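Analysis of the macromolecular model
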Amino acid sequence: MSTLRRTVTRMLGARVCSSLGGARHGRPAPRGGRARHRAPPSAAFATKSGGDVYTHGHHSSVVSQHAARTAEDSAAFLLDRLQPGQKILDAGCGPGSISVGLAKAVGPKGELVAIDVDEGIVARAAATLVTSGAANASCAVASLYDLSSFADDSFDVAYANQVLQHLSDPVAALAELRRVVRPGGLVAVRDADYSSMTGWPNEMAEWRRIYRQTCRKNNAEPDAGRYLVQWARAAGFASDAIEFSASLKVYSRAEDEQARRRWGEDWAERTLRSSFGKQALQYGVASADEMQAVAEAWQDWAETPESFFHYVNGEVIATV
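Residues numbered from 1 in each chain as written. Predicted model: local features only at pLDDT ≥ 70, side-chain atom pairs only at ≥ 80, totals over all residues. Heavy atoms only, no water.

1. Quick word on the overall build of the protein chain
What the protein chain contains, in helices and strands, is twelve helices and eight strands. The contacts of the protein chain with a sequence gap of at least 6 include a subset with a gap of at least 24, amounting to 81%. Of the roughly 13,200 Å² of accessible surface on the protein chain, a fraction of 49% belongs to carbon and sulfur atoms. (Helix = DSSP H or I, 4+ residues; strand = E, 2+ residues; numbered from the N terminus. Contact = heavy atoms within 4.5 Å. Areas by Shrake-Rupley, 256 points an atom, 1.4 Å probe, with all protein chains shown as cover.)

2. Brief notes about the environment of Val106
Tracing the chain through its elements places Val106 in helix H5 (residues 97-106). In this structure, the C-alpha to C-alpha distance between Val106 and Gln83, residues 23 residues apart in sequence, is 5.5 Å. In contact with Val106, not counting residues within four places along its chain, are Gln83, Pro84, Gly85, Gln86, Ile88, Glu111 and Asn136.

3. Observations regarding the pattern of salt bridges
Opposite charge on two side chains permits them to pair, given that their charged atoms come into close proximity. Under the definition given, this model contains twelve salt bridges. Measuring nitrogen to oxygen at the nearest pair gives 2.9 Å for the salt bridge that ties Arg179 to Glu176. Within this pair, Arg179 and its partner Glu176 are both found in helix H7 (residues 170-180), separated by three residues, close to a single helical turn. There is no split in this pair, since Arg179 and Glu176 are both buried. Arg226 is the partner of Asp193 in a salt bridge, and the nearest nitrogen-oxygen pair spans 2.7 Å. Placement of the pair is Asp193 in the loop between strand S5 (181-192) and strand S6 (198-200) and Arg226 in the loop between helix H8 (205-217) and helix H9 (228-234), with a sequence separation of 33 residues. For Arg226, a relative accessible area of 47% translates into the label partly exposed. Put simply, Arg212, Arg216, Glu221 and Asp223 are held in one network by salt bridges that share partners. (Salt bridge = Lys/Arg side-chain N within 4 Å of Asp/Glu carboxyl O. Buried < 20%, exposed > 50% of the residue type's maximum accessible area, 1.4 Å probe, protein only.)

4. Examining helix H2 (residues 60-67)
Of the positions making up H2, those classed as buried are Ser61, Val62, Val63, Gln65 and His66. On the buried face of H2, the contacting elements are H5, helix H6 (119-132) and helix H10 (253-273).

5. Here's the deal with the layout of surface pockets
Quantified by volume, the second largest pocket comes out at close to 460 Å³. Along the wall of the second largest pocket there are 26 residues; nearest its centre are Arg69, Lys249, Tyr251, Trp263 and Tyr311. Listing elements by their share of the lining of the second largest pocket, those giving two or more residues are H2, helix H3 (71-74), S5, strand S7 (242-252) and H10. With seven residues, H10 is the single largest residue contributor to the lining of the second largest pocket. Within the lining of the second largest pocket, the residues separate by chemical class into eleven nonpolar, seven polar and eight charged. (1 Å grid on protein atoms, 1.4 Å probe; cavity = no way out; pocket = protein on both sides within 12 Å on 5 of 7 lines; lining within 4 Å. Points joined across faces, edges and corners; volume = space filled by probe spheres on them. Nonpolar A, V, L, I, M, F, W, Y, C, P; charged D, E, K, R; others polar.)

Right, here's the structure in full:
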């Protein structure tokens with residue numbers, strides 16, 4: 001059995017996982033001190049650890065999209081800052097496709113630790129890393145709110161892609177990432193801004209409305225990309241230690257026809273079958289007929305070769 005397989009088996013067996021609600025830090029309000037007073041999310045969608053609700057869930061249509069991500073397209077703002085021999089934490093690793101590129105970037109003398117809160121998705125990440133031959137990688141089930149299995153200053157770099165948007169307290173998560181990174185090390189985060197998501201021939205305005213409202217019912221922030229600097233400051237990073245950038249994600253025939261079509265078809269399925277679709281109905285954000293119409297709009301978009309879709313990602317690199 002490989003080192004990676006032994007590690008993930010041991011970690012999963014020990015259930016190195018704590019409640020998403022159990023931050024060791026005080027919970028400052030994510031938006032400039034303004035607390036958000038929302039009804040607690042439905043227990044029907046709570047994580048196994050009883051904490052935050054993941055709007056996307058892990059339906060196969062969700063994992064399909066996430067598994068298409070790579071370090072080259074999702075960590076381009078960070079890659080040229082990575083060095084051989086570094087130890088990096090991939091926090092919220094999903095199915096591990098980005099983790100593969102990060103492990104490669106730090107080389108065989110470096111180390112990658114990939115974590116997520118869901119046992120099944122961590123097992124998927126471990127399998128992805130094993131298949132890739134990343135002998136310098138390990139996986140664990142852990143929450144960004146409680147990384148107590150890692151000592152202070154354990155990593156050179158901590159990275160989280162499209163994670164903070166799903167958390168009820170992104171500031172506490174950033175503070176915990178800051179704790180486990182050594183002085184002079186980097187915390188790099190990247191999140192989409194759903195308000196910027198649009199396309200042609202359908203602007204997907206109804207989908208955007210339903211998704212953003214559903215996300216906020218889960219006490220999360222769908223437009224997280226625009227708040228990253230503010231959250232980093234609230235988590236204790238000095239203003240001159242924060243670098244902000246933005247990137248545009250485009251789905252079009254000219255960019256990648258397979259990716260364009262998969263994006264539309266997966267969202268059509270996600271609208272009806274994923275946790276997002278179920279939550280939207282239960283929360284009363286949309287009716288079954290409205291969700292069906294949105295799914296059909298996505299399918300029509302996928303079947304239109306000239307269609308395109310784009311959105312902005314906010315990116316922060318903060319030096320500890």
